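If you want the building blocks of each chain, they are given just below.
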Amino acid sequence: MTKQKKKKKRDSTNFLHDERFKFIAGVAFMLIAVFLMFSIVSHFFSWKNDQNILNDTDSIVRNVENTGGSSGFKLANFIVDEGFGFAAVGIPFLIAILGLRLFGIRGIAFYKTLFITVLSTINVSITLGFIDGMLNTRILTSGMGGAHGHFVSEWLKTNIGIAGTVLLLIFVFVVLAIFISKHTVSKLKQLFIVFPKLFKRNKLLNIPFEKEKEKIQSYAEKEENDDLNEEEEDNTDVEGRKSIKVKHAPPADIEINKPQEDEFLNPEEIPNTLYDPTLDLSSYKLPPVDLLDDYAGKGGGEMTTEELERNKNKIVETLSHYKIGIKRIIATPGPTVTLYEIVPSEGIRIATIKRLEDDIALSLSALSCRIIAPIPGKGTVGIEIPNENPAIVSMKSLLCSKKFQESRFELPVVMGKTISNETFTFDLCKMPHLLVAGATGQGKSVGLNAIITSLLYKKHPSQLKFVMVDPKKVELTLYSKLEHHFLAKMPDAEEAVITENQKVIHTLKSLCIEMDSRYALLKEAQLRNIKEYNDKFINRKLNPNRGHKFLPYIVIIIDEFADLIMTAGREVEEPIARLAQLARAIGIHLVIATQRPTTNIITGLIKANFPARIAFRVTMMIDSRTILDQPGANQLVGRGDMLISTGSELTRLQCALIETDEVEKVTTYISKQQGYPTAFELPEYTGEESDKITEVDTGDLDKLFEEAARIIVAAQQGSTSLIQRKLSLGYNRAGRIMDQLEATGIVGPYEGSKARQVLITDLTSLDNILADLRNR
């Protein structure tokens, strides 16, 4: 009977969560707000003529001037005259906000707007009531501030006096300004710092105080003028960002001698304000988490006690068949797998337990079983068993987690949840590069989206730029909307998301130039890394006139590395290796993904410079060893189940799920905000290789050119003597063919006694080049 009552109670309140009810209620609130606004505004002009309505007992009242009729007048009289006076216009605004909330519009910071509106209405009412009392005027029945403003202001004057009341009202307005704009505090600090310094300078130079007031205003409004870009000198640096001048010249009508001029330009006399790189896009707002789904109830639930006990008993029973005793077993359930930690009896060899992975999986009817023997830092052996009903880890839940929100990392990334259901975050700066691999459909692209989304939810466009490479042309194109906010590209690039191999090569080499340029700035500043450099620049200890500038982090995302290696070979591998070796200190980080984790793709040179690696499920143990240097990735269950290695430590996670439509919502939200005029421009790079094919006359190619090219690519050896032997040619003719192979970009330049470098790694790519040459 009790259950039936509870069910009826739930059914009676279900309509409150119905989208149709919310929409109808939202429409009603909006209409009420509009009606109330018309009535209040009309009341400001017709309140005297409509006063007889209050005293008229006749049910039919004629000659009502209020736009809302007699009901509108009575409502307005209650809210305006008996309430907040002219400040009563905030009431319909509040009702409108509630209506928008019911509509499901998430672009408004609801609670912040609600707080600002309520506090503004109350404070403006009191202020108007205070002014009304001081001037002894009587606009409206109860004055400009209404009955509320009149009585509260009188009470304040009685208890804290006129001076105290004025100070209190000013304080509340300052609080409101701080909540409305995040730049209020910095501007107030700037004014307090500038004033005493200019007063001191006034005494030194004997300048009339009227001129000093002009300079105070110019200092206080400097950041605002830079942001609005109103009729000022163009101080744009090479990245297209504004920089505030550190050195201010004295007014032209002030005559000072040389010692005084030196003192005037002394850095100690410069206003002690910090450089804020976010001022160019001061109105930029981080995307709200409401854009993402939480997938509540769409995945499996928590493991039941019965399921845990059943699995424990089966593990103990299976091990007992092999005469392996267990002292203790502890279960730690996670979203996808459950970790069973066992303490074996004395004398049991760990290798014996390790060999029983398949037997335990069979006894539990599980997809797979992974044994960690032993668990690092513990005296236990771990057995990971997939859950029957795995839970979905939403990106929204991770972004809302306290661990991510309170992280102080330079480039915070949240990837998923561990076996113990803890949110896993890391700093990309400390990785410093990331290699992501896994078979098709196992969660690799979703993992990349989780990395990118984490950074978008934490960083301002002035602090972070992405270089995105997408040879498949379908995975990263969603982020092209961010071109004017977060993307970087070469000056002549048409698209911000790079898809053509030749442009990838040029962009990587352009990034090498950017890296060298940044190192030159660090050398001149005598600093070791980008964090120290930017901190010094923000504190105005580096002179922009000498080329110094704020340096954003650059994260390079390459979605399908295998395709690049197969088509461009060492032309791609070399700049990537150079960036991986050197770029971490100057804020350039790489995230490379591939679905073909073979040794000819993930070479020793790449692995040596990517200590942090993520492995999704692969089919073979050898692929797991290629990625992680150990087995394990072949025992994952798929669908976001992953292992992340940060050197010696290996952690199993369930990667967060973020669907394509969620990514599109986030990018659309950002793209609709004010952005930079262009994408962040990388240094210009003119590749010599790109012109070589056009310089070759295809009619003059040797008849055996194509056959020689296939021999060279198949053997991966750029040797003239190889062509001689295989084709029975003389040295001179073989040498001419080798020169033609170099001119067409198939082999590299002459390197003395060493064989030439073969730039094409497979025959399919060679056929494409030969077909292009035949069509010229």
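On a predicted model such as this, the values are computed, not experimentally measured, just so you know.

With that settled, consider the overall build of the protein. Helix and strand counts for the protein come out as 28 helices and 16 strands. Taking all 776 residues of the protein together, 47% fall into the buried category. If you take every contact in the protein between residues at least 6 apart in sequence, the share linking residues at least 24 apart comes to 67%. Per element, the accessible surface of the protein, about 39600 Å² overall, is 54% carbon and sulfur.

In the contact formed by helix H2 (residues 19-46) and helix H4 (residues 69-84), the axes pass within 9 Å of each other and the chain directions differ by 75 degrees. Taken together, the axis directions place H2 and H4 in an arrangement best described as roughly perpendicular. Of the residues in H4, those touching H2 at Phe35, Leu36, Ser39, Ile40, His43 and Phe44 are Gly72, Phe73, Leu75, Ala76, Asn77, Ile79, Val80 and Asp81.

Spatial strand order, E1-E2-E4-E3: four strands in an open sheet with antiparallel pairing. Only two strands of the sheet have a single neighbouring strand rather than two, namely strand E1 (326-333) and strand E3 (370-372). Ignoring strand direction, the axes of neighbouring strands in this sheet form an average angle of 20 degrees. Pairing of strand E2 (residues 337-344) with strand E4 (residues 381-386), which is carried by six bridges, proceeds in the antiparallel orientation. Bridge pairing links Val337 to Pro386 in E4.

Take the sheet that holds strand E7 (residues 434-437) next. If you walk across this open sheet you meet the ten strands as E6-E5-E15-E14-E13-E7-E12-E11-E8-E10, and the pairing is mixed. Each edge of the open sheet carries a strand with a single partner, namely strand E6 (423-427) and strand E10 (497-498). Direction of pairing for strand E13 (residues 612-616) relative to strand E14 (residues 641-646): antiparallel, over a ladder of five bridges. Bridge pairing in E14 links Phe616 to Met642. Contacts from helix H17 (residues 444-456) reach strand E5 (412-418), E7, strand E8 (464-469), strand E11 (553-558), strand E12 (588-594), E13 and strand E15 (649-655) within the one sheet, and its direction differs from that of E5 by about 130 degrees.

This paragraph deals with the packing of helix H18 (residues 501-525) against helix H20 (residues 561-568). Where H18 contacts H20, the axes come no closer than 10 Å and their chain directions differ by 100 degrees. Of the possible angle classes, the one that applies to H18 and H20 is roughly perpendicular. Residues Asn501, Val504 and Ile505 of H18 touch H20, and the partners they reach there are Asp563, Leu564, Thr567 and Ala568. Here the contact of H18 with H20 is built from residues that sort into four nonpolar, two polar and one charged.

Glancing now at helix H27 (residues 731-743). For H27, spanning 13 residues, the distance from its first C-alpha to its last is 18 Å, which sits close to the expected 18 Å at 1.5 Å a residue. Three or more residues of H27 are buried, namely Ala734, Gly735, Ile737, Met738, Gln740, Leu741 and Glu742. Its buried side turned inward, H27 meets helix H25 (705-715) and helix H26 (720-727). The first or second residue beyond H27 is Gly745, which carries a positive phi of 80 degrees.

To continue, consider a nonpolar patch on the surface. A cluster of nonpolar side chains, contributed by Ile131, Met134, Leu135, Ile162, Val166, Ile170, Val174 and Ile178, occupies part of the molecular surface with about 640 Å² of accessible area. Among the elements that line the nonpolar patch, the one with the most residues is helix H7 (residues 146-180), at five residues. Relative to the helices and strands, Ile162 resides in helix H7.

For the rest of this paragraph, the subject is the pairing of E12. Most of E12 sits out of view: seven of its seven residues are buried. Strand direction decides the pairing type here: E7 and E12, joined by four bridges, are parallel. Among the inter-strand pairings, Val436 is bridged to a residue of E12, identified as Ala593. In the sheet, E11 pairs with E12 via five bridges, with the strands oriented parallel. If you follow Ile558 over to E12, its bridge partner there is Ile592.

Turning our attention to the packing of aromatic side chains. Tallying each qualifying case throughout the model produces five aromatic pairs. Ring geometry for Tyr275 against Phe537: centres 5.1 Å apart, planes inclined by 80 degrees, an arrangement best described as edge-to-face. Here Tyr275 is found in the loop between helix H11 (258-264) and helix H12 (305-321), whereas its partner Phe537 is found in helix H19 (residues 530-538), with 262 residues between them in sequence. Judged on exposure class, the residue Tyr275 and its partner Phe537 are both buried. Plain terms: the ring middles of Tyr284 and Phe486 are 6.2 Å apart, the flat faces sit at 70 degrees to each other, and that makes the pair edge-to-face. On the criterion of sequence distance, the pair formed by Tyr284 in the loop between H11 and H12 and Phe486 in the loop between E8 and strand E9 (488-489) is long-range, its members being 202 residues apart. Members of the aromatic cluster, connected to one another through ring pairs, are Tyr284, Phe466 and Phe486. Just above the ring of Phe404 sits the side chain of Lys458; from NZ or CZ to the centre is 5.4 Å.

Among the nonpolar cores identified, the biggest contains 100 residues, and Met415, Phe466 and Ile576 are the most heavily contacted of them. The leading source of residues in this core is H18, at nine residues. Residues within four places of Ile576 in sequence aside, it is in contact with Leu508, Ile558, Phe561, Leu590, Ile592, Ile606 and Phe610. The next biggest cluster of nonpolar side chains, apart from the first, holds 23 residues, and it includes Ala709, Leu741, Val758 and Leu770.

This next bit is on a negative patch on the surface. Judged by side-chain charge, Asp492, Glu494, Glu495, Glu500 and Glu684 come together as a negatively charged surface patch. Within the fold, Glu495 resides in the loop between E9 and E10.

Here E2 lies mainly inside the structure; eight of its eight residues are buried. Residue alternation in E2 divides its side chains into two sets, Val337, Leu339, Glu341 and Val343 and Thr338, Tyr340, Ile342 and Pro344, and both sets are buried. Hairpin connection from E1 to E2: three residues lie between these consecutive antiparallel strands.

The subject of this paragraph is the side chain of Ser719. With respect to the element layout, Ser719 can be found in the loop between H25 and H26. Side-chain polar atoms of Ser719 contact the side chain of Ser721, separated by 2.7 Å. Setting aside chain neighbours within four positions, we find Ser719 in contact with Ile712 and Met738.

Procedures and definitions
Residues numbered from 1 in each chain as written. Predicted model: local features only at pLDDT ≥ 70, side-chain atom pairs only at ≥ 80, totals over all residues. Heavy atoms only, no water. Helix = DSSP H or I, 4+ residues; strand = E, 2+ residues; numbered from the N terminus. Buried < 20%, exposed > 50% of the residue type's maximum accessible area, 1.4 Å probe, protein only. Contact = heavy atoms within 4.5 Å. Areas by Shrake-Rupley, 256 points an atom, 1.4 Å probe, with all protein chains shown as cover. Axes fitted to C-alpha atoms, helices over the stretch in contact; angles between N-to-C directions. Parallel < 35°, antiparallel > 145°, perpendicular 65-115°, else oblique. Pairing = 2+ DSSP bridges. Nonpolar A, V, L, I, M, F, W, Y, C, P; charged D, E, K, R; others polar. Expected span 1.5 Å × (residues − 1). Patch = residues over 30% accessible without salt bridge, like charges linked within 9 Å, V, L, I, M, F, W, Y side chains within 5 Å. Salt bridge = Lys/Arg side-chain N within 4 Å of Asp/Glu carboxyl O. Phe/Tyr/Trp six-rings, centres within 6.5 Å; stacked < 30°, edge-to-face > 60°. Lys NZ or Arg CZ within 6 Å of the ring centre and 35° of its normal. Core = buried A, V, L, I, M, F, W, Y, C linked by side-chain atoms within 4.5 Å. Lys, Arg positive; Asp, Glu negative; His and termini not counted. Charge placed at Lys NZ, Arg CZ, Asp CG, Glu CD. Polar contact = N/O pair within 3.5 Å; in protein donor to acceptor, adjacent residues only side chain to side chain.

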